[in-house]
Amino acid sequence: MSIQSHNSPPPPCAIVIFGANGDLTKRLIVPALYNLARTGLLPERLTLIGVDHNKKTDAEWQAAVKDFLLGVLDKNGEALDEKLWGQVARRMIFLSGGDFEKVETYRRLSECLEAEDRRDNLGGNVLFYMAVADRFFATIARMLGEAGLVSSDAKGFRRLIVEKPFGHDLESARSLNACLLKYLKEDQIYRIDHFLGKETVQNIMALRFANGLFEPIWNRDRIDHVQITVAESIGVETRGKFYEATGAMRDMVPNHLFQLVAMTAMEPPVSFEAEDIRAKKAELFKAIHTLGLTDVVRGQYDAGAIAGTPVKAYRAEDNVARDSTVETYTAMRLMIDNWRWAGVPFYLRTGKRLNIRSSEIAIRFKQAPYALFRDTPVDELDADWLILRIQPDEGIRLRFNAKRPGPAMTLESVSMRFNYKDYFHQAPAVGYETLIYDCLTGDATLFQRADQVEAAWQLVEPVLKGWQGTNPRHFPNYAAGSEGPIAANDLLAKDGRSWRAIRILGGK
Ligand code: BG6
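This write-up is about the structure you can find in this document.

Observations concerning the environment of valine 261
Looking at the element boundaries, valine 261 is found in helix 9 (residues 247-265). When the C-alpha atoms of valine 261 and tyrosine 432 are compared, they prove to be 21 Å apart, with 171 residues separating the residues in sequence. When neighbours within four sequence positions are excluded, valine 261 is seen to be in contact with Ile228, Met266, Leu284, Ile288, Leu334, Ile336, Phe346 and Leu348.

Focus: the site of the ligand
As a matter of local geometry, the ligand sits amid Lys164, His194, Phe195, Lys198, Glu232, Arg239, Asp251, Met252, His256, Lys352, Arg357 and Gln391. Note that an oxygen atom of the ligand is positioned 2.7 Å from one of the side-chain N or O atoms of lysine 164. When the free accessible area of the ligand is taken as 390 Å², the share hidden by the protein chains comes to 80%. For the shell around the ligand, the leading source of residues is helix 9, giving 3 residues. Tallied by class, residues from the shell around the ligand come to 2 nonpolar, 3 polar and 7 charged.

Regarding the packing of helix 9 against helix 13 (residues 450-468)
Packing of helix 9 against helix 13 leaves a shortest axis separation of 10 Å and a crossing angle of 140°. Compared by their axis directions, helix 9 and helix 13 come out oblique. As helix 9 runs across helix 13, the sense of the crossing is right-handed. Touching Met249, Arg250, Val253, Pro254, Phe258 and Gln259 of helix 9 are Gln452, Ala456, Trp457, Leu459, Val460, Val463, Leu464 and Trp467, all from helix 13.

Concerning the nonpolar core
Side chains of nonpolar character tend, in soluble globular proteins, to be buried together. Ranked by internal contacts, the top residues of the largest apolar core, which has 136 residues, are Phe18, Leu109 and Phe128. It is helix 9 that contributes the most residues to this core, 10 residues altogether. Aside from chain neighbours lying at most four places away, what touches phenylalanine 128 is Val16, Phe18, Leu109, Leu113, Leu144, Leu149, Val150, Arg158, Arg159, Leu160 and Ile161.

Parameters at a glance
Residues numbered from 1 in each chain as written. Predicted model: local features only at pLDDT ≥ 70, side-chain atom pairs only at ≥ 80, totals over all residues. Heavy atoms only, no water. Helix = DSSP H or I, 4+ residues; strand = E, 2+ residues; numbered from the N terminus. Contact = heavy atoms within 4.5 Å. Near = heavy atom within 4 Å. Polar contact = N/O pair within 3.5 Å; in protein donor to acceptor, adjacent residues only side chain to side chain. Areas by Shrake-Rupley, 256 points an atom, 1.4 Å probe, with all protein chains shown as cover. Nonpolar A, V, L, I, M, F, W, Y, C, P; charged D, E, K, R; others polar. Axes fitted to C-alpha atoms, helices over the stretch in contact; angles between N-to-C directions. Parallel < 35°, antiparallel > 145°, perpendicular 65-115°, else oblique. Left-handed = near helix turned anticlockwise from the far one by under 90°. Core = buried A, V, L, I, M, F, W, Y, C linked by side-chain atoms within 4.5 Å. Buried < 20%, exposed > 50% of the residue type's maximum accessible area, 1.4 Å probe, protein only.

Here it is in structure tokens:
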């Protein structure tokens, strides 16, 4: 991963994309490959094989993804570099009419892989990418297994990328893991959580472990509580059908939010090797209390306005039931039972159609003793905050108290700021570059292990079950463009705390 430097291209290989005609392929995978070419991190010899049920020629597939890429670049005011594009598209083969459920598809795929390997000497290396709806994951893994395409004894590497959602609950995650592990070894499976592809998320480890300053105060002696917010201003867009079966909890919590918790709260690993980091994350998940219904709040957005533009209620979105009880917001209080964190609540919240897009991890330090200020006009001390901005305006802020100039002792909360963009040139990225590069080089650090995924589902399982049996009669309970339901405030108020405002940290 990025803590070690990326400086050499991965070995020659074939990348097989199931769902080659889909959104993910053109929006993220192909642009990420193009961005890897820009930084010289694409395999020197690469064959891209697209599998999808539609009928298309190689040239048509290539034109379709190229067209999309042109649009993406154009939006950023860039032109396509034909030479770099040539590195991505030097061999693009479309397995036309490739039904994922038919043995015939895998026979053709196998022949194609063999021919490409002979032609280009790819060392037998193949990365299979399941950019498909999750209902196909188990089928594709089984068919690949039965066709002998993912054997760990193959000449080169055989790896499989599994997209989100990984299961729908504990039972389905377990059965998907069991199916994958029947045909592949754990170290061949790369379960993606795209939040781990974000530089700011990876930087949490650098901040904590590459500095002498933070780790000694990163514990219950110094920290009062932690607030993790992933706020989105978008609604469910065209994904009503998916979202009706998913909801905010399944969509965001056991994966993205828990990964943020893990990066913030895990113990220091002994090395940056994948297994050492994953072991620390697994230990952390074990120490988290299983969530109960009283620890959690749910919400659903009503009509409202985002940045002055009126938007409709969730129940009025396409492919959403008019009486839907699906949550578009959830907030929770999570407790970790270990020496570092016992007694320090982690408050998490995520929702759609909130006032702005803003993701951050805010660490609140304990307040200083007040005695010194007893004889001054200061009647209250603000506690200090360390804020890790995940997106947008990526950076880190430290808020602390300073004396306002003048004869009286008055305090004001001020901040020191580090902005990524002030220090680093940010190479164009869609967020999948590191993840794909890591798969190609066999670095599983940023991917989830089977036990982690199951542990995460286990933690939210009682809530999912509890919600299933109750009807949230108060839905919708927050206006689009607000900061979420009132009940979320009550969750913190019970502990004598309050949420930070959801806002851009631009100014002070
Ligand atoms: C996805 C969820 O995993 O993450 C979406 O399915 C959500 O509902 C998205 O919008 C958020 O990711 P990002 O990178 O845009 O913050």
